[in-house]
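Inside the fold
The chain contents come next:
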Amino acid sequence: MADVTTEKVHVLIIGSGPAGYTAAIYASRANLKPVLYQGIQPGGQLTITTEVENYPGYANGIQGPEMMVDFEKQAHRMGADIRYGLATKVDFTSQPYKVQIDEEKWIEADSVIIATGASAKWLGLESEQRLNGYGVSACAVCDGFFFRGKEVAIVGAGDTAAEEALYLSKLCTTVHMFIRRDAMRASKVMQDRVINTPNIKMYWNTDTEEIIGDNKVTAVKIKNNKTGVSQEIPVNGFFVAIGHQPNSDIFKGWLDMDEAGYLKTIPGTSKTNVEGVFASGDVQDKIYRQAVTAAGSGCMAALDAERYLSAKGM
Ligand code: NDP
């Protein structure tokens, strides 16, 4: 590791969603002089949503991208050193921990806070991408409210899809649920709930072919993959719930993670299996995945880092 490309920092934060920026606000105020690298999508998943109405403090709601600018400004005002750059490799063998940025420079840090988030999986249709934020969403809790009293569709068959379909069934007139096989992956109890909800209409062996609409979703075209029969269903919203991918690849072999790649933390803390390395936000949370819970866990990570560093006299 050449010295010219190495920089030593006290606390390094990787990621710029609600978890990363909140960690930066708390760490700055504790005088830990955090350096935050924003990653490939500064602001994280909220920058690809539209209106956010469930983040406390914004009485009139706010656009997701605008909210993340507010988070960044607040972290900056508290003194965080916020930089462009993507963490590409880590070496947690010994203190100080090493994190490579943009495959070039190495940062050495006394403590590392990971807030790299997760990315929703998408079907990969052109129409899905084009109408994202205009009726297409990967988060029913975030966007279901906009479809009150309307008809929507959801694709997916795991626990997330089941939970989101149930959530939508309380707001919408009908929820059309597309399942690609003849069975659901969701837990039995969730399957039973979905199947027994009168306004959730199940479509088995069903593939989504296209989401229809110019500036907003108006219908969805589906095809039964057993019979080959296609049909169009008029809907106002289309929810994708086919899983998330935690952004944890670079930590493989260093940090404990579950089979899906979510980082494991000691319950009730943000501590990973490497002391001084903390995880917060969606990279370690497959259950709640909300901006407010991510922000809360970013706060926990900064407080855990502060306590760790002070116990070590660093
Ligand atoms: P999962 O990976 O469990 O399920 C994804 C679902 O999407 C599967 O049913 C899969 O179908 C389907 N799918 C994947 N790709 C496509 C595609 N291209 N087209 C159509 N369907 C597709 O993800 P979840 O997000 O549901 O859950 C992740 C983990 O989190 C699980 O372990 C789950 O149990 C857990 N979880 C727990 C909750 C709770 O306890 N309250 C709440 C939410 C999640 P197929 O079955 O055919 O592969």
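Not measured: the values here are computed from a predicted model. (Residues numbered from 1 in each chain as written. Predicted model: local features only at pLDDT ≥ 70, side-chain atom pairs only at ≥ 80, totals over all residues. Heavy atoms only, no water.)

1. Some thoughts on the overall build of the protein chain
Per the secondary structure count, the protein chain includes 7 helices and 19 strands. Computed over C-alpha atoms, the radius of gyration of the protein chain comes to 21 Å, within 12% of the 20 Å expected from 2.2 N^0.38 for 314 residues, which places it in the range of a compact globule. Overall size of the protein chain, expressed as C-alpha extent along the three principal axes, is 65 × 40 × 35 Å. Buried positions account for 50% of the 314 residues belonging to the protein chain. When the accessible surface of the protein chain is summed, it comes to about 15100 Å², and 50% of that surface belongs to carbon and sulfur atoms. Charge centroids of the protein chain, computed over 31 positive and 37 negative side chains, lie 4 Å from each other. (Helix = DSSP H or I, 4+ residues; strand = E, 2+ residues; numbered from the N terminus. Rg over C-alpha atoms; globule rule 2.2 N^0.38 Å. Buried < 20%, exposed > 50% of the residue type's maximum accessible area, 1.4 Å probe, protein only. Areas by Shrake-Rupley, 256 points an atom, 1.4 Å probe, with all protein chains shown as cover. Lys, Arg positive; Asp, Glu negative; His and termini not counted. Charge placed at Lys NZ, Arg CZ, Asp CG, Glu CD.)

2. Some details on the site of the ligand
Neighbouring residues of the ligand: 14 residues in total, closest D159, T160, E163, R181 and R185. A distance of 3.4 Å separates an oxygen atom of the ligand from a polar atom in the backbone of A157. Note that an oxygen atom of the ligand is positioned 3.3 Å from one of the backbone N or O atoms of G158. Protein chains bury 72% of the 910 Å² of accessible surface belonging to the ligand in isolation. (Near = heavy atom within 4 Å. Polar contact = N/O pair within 3.5 Å; in protein donor to acceptor, adjacent residues only side chain to side chain.)

3. Quick word on the nonpolar core
The biggest cluster of nonpolar side chains holds 51 residues, and the ones touching the most others in it are L12, F92, V99, V112, I113, I114 and F251. By size, the runner-up hydrophobic cluster in this structure holds 22 residues, among which are A140, F147, V152 and V194. (Core = buried A, V, L, I, M, F, W, Y, C linked by side-chain atoms within 4.5 Å.)

4. A look at the sheet that holds strand β14 (residues 206-212)
Strand order in the open sheet formed by 3 strands is β14-β15-β16, and the pairing between neighbours is antiparallel. Both edges of this open sheet fall to β14 and β16 (230-234), since each of them pairs with a single strand only. Adjacent strand axes in the sheet meet at a mean angle of 25 degrees when their direction is disregarded. (Pairing = 2+ DSSP bridges. Axes fitted to C-alpha atoms, helices over the stretch in contact; angles between N-to-C directions.)

5. Looking at the side chain of S297
Examined against the element boundaries, S297 turns out to sit in helix α7 (residues 291-312). Since its relative accessible area comes to 11%, S297 is described here as buried.

6. What to know about the packing of helix α1 (residues 18-29) against α7
At a closest axis distance of 7 Å, the pairing of α1 and α7 adopts a crossing angle of 40 degrees. The handedness of the crossing between α1 and α7 is right-handed. Along the contact surface, α1 presents P18, A19, T22, A23, Y26 and A27, while α7 presents A291, A294, A295, G298, C299, A302 and L303. Grouping the constituent residues of the contact of α1 with α7 by class yields 11 nonpolar, 2 polar and no charged. (Left-handed = near helix turned anticlockwise from the far one by under 90°. Contact = heavy atoms within 4.5 Å. Nonpolar A, V, L, I, M, F, W, Y, C, P; charged D, E, K, R; others polar.)

7. A word on the domain arrangement of the protein chain
Under the domain assignment, the protein chain is made up of domain 1 (6-119 + 244-312) and domain 2 (122-240). Domain 1 and domain 2 are separated by 32 Å when their C-alpha centres are compared. Each partner contributes to the interface: domain 1 provides 8 residues, whereas domain 2 provides 10 residues. If you sort the residues of domain 1 by the area they bury against domain 2, I48, T50 and E53 come out on top, with a joint share of 43%. At the surface where domain 1 touches domain 2, the tally comes to 0 salt bridges. Run the count over domain 1 and domain 2 and you get 1 residue pair in polar contact (both at pLDDT 80 or more). Considered class by class, the residues forming the side of domain 1 that touches domain 2 number 1 nonpolar, 4 polar and 3 charged. (Domains from an automatic or database assignment. Buried area = accessible area lost by both parts, 1.4 Å probe. Salt bridge = Lys/Arg side-chain N within 4 Å of Asp/Glu carboxyl O.)

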